[in-house]
Amino acid sequence: MSKESYLTWWLGGLAIFAVSLMIHSPLAIEAVPGGILDHQAASNAARVNTIQSAWDEAGLMGQARMAMLSDLLFILVYSFGALNGGRYFRAKSHAGLVALGWIALLSATVFLITDFTETLLQVYQAVRFEGSDTLAFIASSMGPVKVASFLISFGVLIVALLWERASKRATS
């Protein structure tokens, strides 16, 4: 994959994330101050049901489902870009860029698996309008790993881009 192609997907994923945040913003209401983050962190059915009932009473349950679907789109597009960014840098001749490529590839894979799992379980509970202790626990357990793997993939790709740019300047 070319640099331009992976950057298009990766940056496109980040743009979808920005739009998704706007879709999420109305979900932060008095009864659910953390909005979608509260739903993601809900580790039992009772909490999921409380959050979903608050959104439903506020007329926001459709918005919540749409926000979760926008998350799925973000996860897929960003991950595709980050995975291919990792592949792009892994194919370079400089050992440092190869190492960064592997780190990006692995962290993007972990992000894709954990965030997709979390969000699919959220969507399932939202569509059924019924929390599940098991699904809520699994979804909430994904949070710390997904955040760390996202930050690593994002940061490593920035560092790799800067390193590649500096290397090109040094040789010209």
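Keep in mind that what you see is a predicted model, and the values were worked out from it rather than measured.

Novice: So what's going on with the overall build of the protein chain? Residues and values would help.
Specialist: Secondary structure summary: the protein chain contains six helices and zero strands in total. In sequence order, the secondary structure elements of the protein chain are arranged as α-α-α-α-α-α. In terms of principal-axis extent, the alpha carbons of the protein chain reach across some 60 × 25 × 25 Å. Residues counted as buried form 44% of the 172 residues belonging to the protein chain. Restricting to contacts in the protein chain with at least 6 residues of sequence separation, those with at least 24 account for 78%. Surface accessibility of the protein chain: about 8,500 Å² in total, with carbon and sulfur atoms responsible for 69%.

Novice: How would you summarise helix 1 (residues 3–24) if you had to cite specific residues and measurements?
Specialist: In this model helix 1 runs 31 Å from its N-terminal to its C-terminal C-alpha over 22 residues, within 8% of the 32 Å that 1.5 Å per residue would give. The complete set of buried residues in helix 1 reads Y6, W10, G13, S20, I23 and H24. Projected down its long axis, helix 1 shows its buried positions confined to an angular sector of 125 degrees, all on one face. Helix 1 presents E4, T8 and M22 as exposed residues on the side facing more than 90 degrees away from its buried surface. In this fold, the buried residues of helix 1 make contact with helix 2 (36–41), helix 4 (61–90) and helix 6 (133–171).

Novice: Quick rundown of the layout of surface pockets? Include the residues and the values.
Specialist: Where empty space is left can be seen by rolling a probe of water-molecule size over the atoms. Size it by volume and the largest pocket reaches roughly 470 Å³. Taken together, 24 residues form the lining of the largest pocket, with F17, I36, L37, Q40 and K146 sitting closest to its centre. Elements that contribute at least two residues to the lining of the largest pocket include exactly helix 1, helix 2, helix 4, helix 5 (95–128) and helix 6. Grouping the constituent residues of the lining of the largest pocket by class yields 11 nonpolar, nine polar and four charged.

Novice: Give a detailed account of a nonpolar patch on the surface, specifying residues and quantitative values.
Specialist: A cluster of nonpolar side chains, namely M1, W9 and F80, defines an oily patch on the protein surface of about 280 Å² accessible area. Owing to a relative accessible area of 35%, F80 belongs among the partly exposed residues under this scheme.

Novice: Any chance you could break down the environment of I103 for me, citing the residues and the numbers?
Specialist: Mapped onto the secondary structure, I103 falls in helix 5. Taking the C-alpha atoms as reference points, I103 and W163, separated by 60 residues in sequence, lie 15 Å from one another.

Novice: How would you summarise the nonpolar core if you had to cite specific residues and measurements?
Specialist: Core analysis: the biggest nonpolar cluster contains 20 residues, and Y6, W10, Y78, F89 and L157 have the highest contact counts within it. Of all the secondary-structure elements, those providing two or more residues to this core are helix 1, helix 4, helix 5 and helix 6. Not counting residues within four places of it along the chain, the set of residues in contact with L157 comprises Y6, W10, A82, G85, G86, F89 and A104.

Novice: Tell me about the packing of helix 1 against helix 6, and please be specific about residues and values.
Specialist: At a minimum axis distance of 13 Å, the contact between helix 1 and helix 6 shows a crossing angle of 140 degrees. Judged by the twist between their axes, the crossing of helix 1 over helix 6 is left-handed. Only F150, F154, L157, I158, L161, E164 and K168 of helix 6 make contact with helix 1, whose side of the interface consists of K3, Y6, L7, W10 and L14. Among the residues forming the contact of helix 1 with helix 6, the class breakdown is nine nonpolar, no polar and three charged.

How each quantity is defined
- Residues numbered from 1 in each chain as written.
- Predicted model: local features only at pLDDT ≥ 70, side-chain atom pairs only at ≥ 80, totals over all residues.
- Heavy atoms only, no water.
- Helix = DSSP H or I, 4+ residues; strand = E, 2+ residues; numbered from the N terminus.
- Buried < 20%, exposed > 50% of the residue type's maximum accessible area, 1.4 Å probe, protein only.
- Contact = heavy atoms within 4.5 Å.
- Areas by Shrake-Rupley, 256 points an atom, 1.4 Å probe, with all protein chains shown as cover.
- Expected span 1.5 Å × (residues − 1).
- Arc of directions from axis to C-beta.
- 1 Å grid on protein atoms, 1.4 Å probe; cavity = no way out; pocket = protein on both sides within 12 Å on 5 of 7 lines; lining within 4 Å.
- Points joined across faces, edges and corners; volume = space filled by probe spheres on them.
- Nonpolar A, V, L, I, M, F, W, Y, C, P; charged D, E, K, R; others polar.
- Patch = residues over 30% accessible without salt bridge, like charges linked within 9 Å, V, L, I, M, F, W, Y side chains within 5 Å.
- Salt bridge = Lys/Arg side-chain N within 4 Å of Asp/Glu carboxyl O.
- Core = buried A, V, L, I, M, F, W, Y, C linked by side-chain atoms within 4.5 Å.
- Axes fitted to C-alpha atoms, helices over the stretch in contact; angles between N-to-C directions.
- Left-handed = near helix turned anticlockwise from the far one by under 90°.

Just geometry here; none of it tells us what the structure is for.
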